[in-house]
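So you can see what is in the structure, the chains are spelled out below.
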Amino acid sequence: MRGKAESLMIAGLVISFAVPLYAQSIPFIQNKQEPPCLALPALASKQITSIEQPSAKTIEEEKTSKKIFKHLYNIPRIDEKKEIRAKWTEAFRTDVWSPYYKAKEVEGKVCDKFKVQVFSIKGRPQLEDDRVSYIFKASF
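Quick look at the structure, then.

Conventions we followed
Residues numbered from 1 in each chain as written. Predicted model: local features only at pLDDT ≥ 70, side-chain atom pairs only at ≥ 80, totals over all residues. Heavy atoms only, no water. Helix = DSSP H or I, 4+ residues; strand = E, 2+ residues; numbered from the N terminus. Buried < 20%, exposed > 50% of the residue type's maximum accessible area, 1.4 Å probe, protein only. Contact = heavy atoms within 4.5 Å. Areas by Shrake-Rupley, 256 points an atom, 1.4 Å probe, with all protein chains shown as cover. Expected span 1.5 Å × (residues − 1). Phe/Tyr/Trp six-rings, centres within 6.5 Å; stacked < 30°, edge-to-face > 60°. Pairing = 2+ DSSP bridges. Axes fitted to C-alpha atoms, helices over the stretch in contact; angles between N-to-C directions.

### Considering the overall build of the protein
Broken down by element type, the protein carries 6 helices and 3 strands. Counting helices and strands in the order they occur from the N terminus, the protein gives α-α-α-α-α-α-β-β-β. Expressed as a percentage of the 140 residues in the protein, the buried residues total 3%. A separation of at least 24 residues holds for 0% of the contacts in the protein among residues at least 6 apart in sequence. A total accessible area of about 14200 Å² is found for the protein, and carbon and sulfur atoms account for 62% of it.

### Section: helix α5 (residues 80–92)
The terminal C-alpha atoms of α5, which comprises 13 residues, lie 18 Å apart, in line with the 18 Å expected from a rise of 1.5 Å per residue. Among the 13 residues that make up α5, 0 are buried, leaving the element largely open to the surroundings.

### Considering the environment of Ala86
In this structure, Ala86 sits in helix α5. Relative accessible area serves as the criterion here: at 45%, Ala86 is assigned to the partly exposed category. Through-space distance from the C-alpha of Ala86 to that of Trp97 is 9.8 Å; in sequence the pair is 11 residues apart.

### Observations regarding the packing of aromatic side chains
For the coordinates displayed, the defined rule picks out 5 aromatic pairs. With 5.5 Å between their ring centres and 25° between their planes, Trp88 and Phe92 make a pair best called stacked. With Trp88 and Phe92 both in helix α5 and 4 residues apart, this pair spans about one turn of that helix. Geometrically, the ring pair formed by Tyr134 and Phe136 is stacked, given 6.0 Å between the ring centres and 25° between the ring planes. Connected via pairs of aromatic rings, a cluster forms that spans Trp88, Phe92, Trp97, Tyr100 and Tyr101.

### Concerning the sheet that holds strand β3 (residues 131–138)
Hydrogen bonding along the main chain pairs the strands of a sheet, whether they run parallel or antiparallel. Taken together, 3 strands build an open sheet; the order of strands is β1-β2-β3 and the sheet is antiparallel. Looking at strand neighbours, the two that pair on one side only are β1 (116–118) and β3, the edges of this open sheet. Taken pair by pair, the neighbouring strands of this sheet meet at an average axis angle of 25°, ignoring direction. Note that β1 and strand β2 (residues 121–128) share 3 bridges and pair antiparallel. Counterpart to Val118 in the pairing with β2 is Ile121.

### Describing the pairing of β3
Across 8 bridges, β2 lies against β3 in antiparallel orientation. When the sheet's bridge partners are listed, Pro125 is paired in β3 with Tyr134. Adjacent in sequence and paired antiparallel, β2 and β3 are bridged by 2 residues.

That's the geometry; what it means functionally is another story.
Pasting the structure below:
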């Protein structure tokens, strides 16, 4: 019983692969064109006499098309933090977030001063609420 099931399965697979291959059309016979492999000797008989240099006009057109492409398809990146900060400054006529950014800048400088490196393990302090903790990272 098992042998019949396997043979039926194999026959089904063979038929399913053979039918799509047989059903495909051959384009050069239907269009009454000669096959592409016969057109190669005609191309080989032509000789290339000189290589054309691109003119200055085509180079300029290419540059302008690249500029247009960059302008249309490269969306400018907007820094949302700067934009929000500018709106707050506009609303209150002073930079409200200045103390926060100064504190973060000082924190970054302090953390850079207290970096620790032991062999391939690097440690950096992280300031949290009321405590300082070191975070160590190892590179392999």
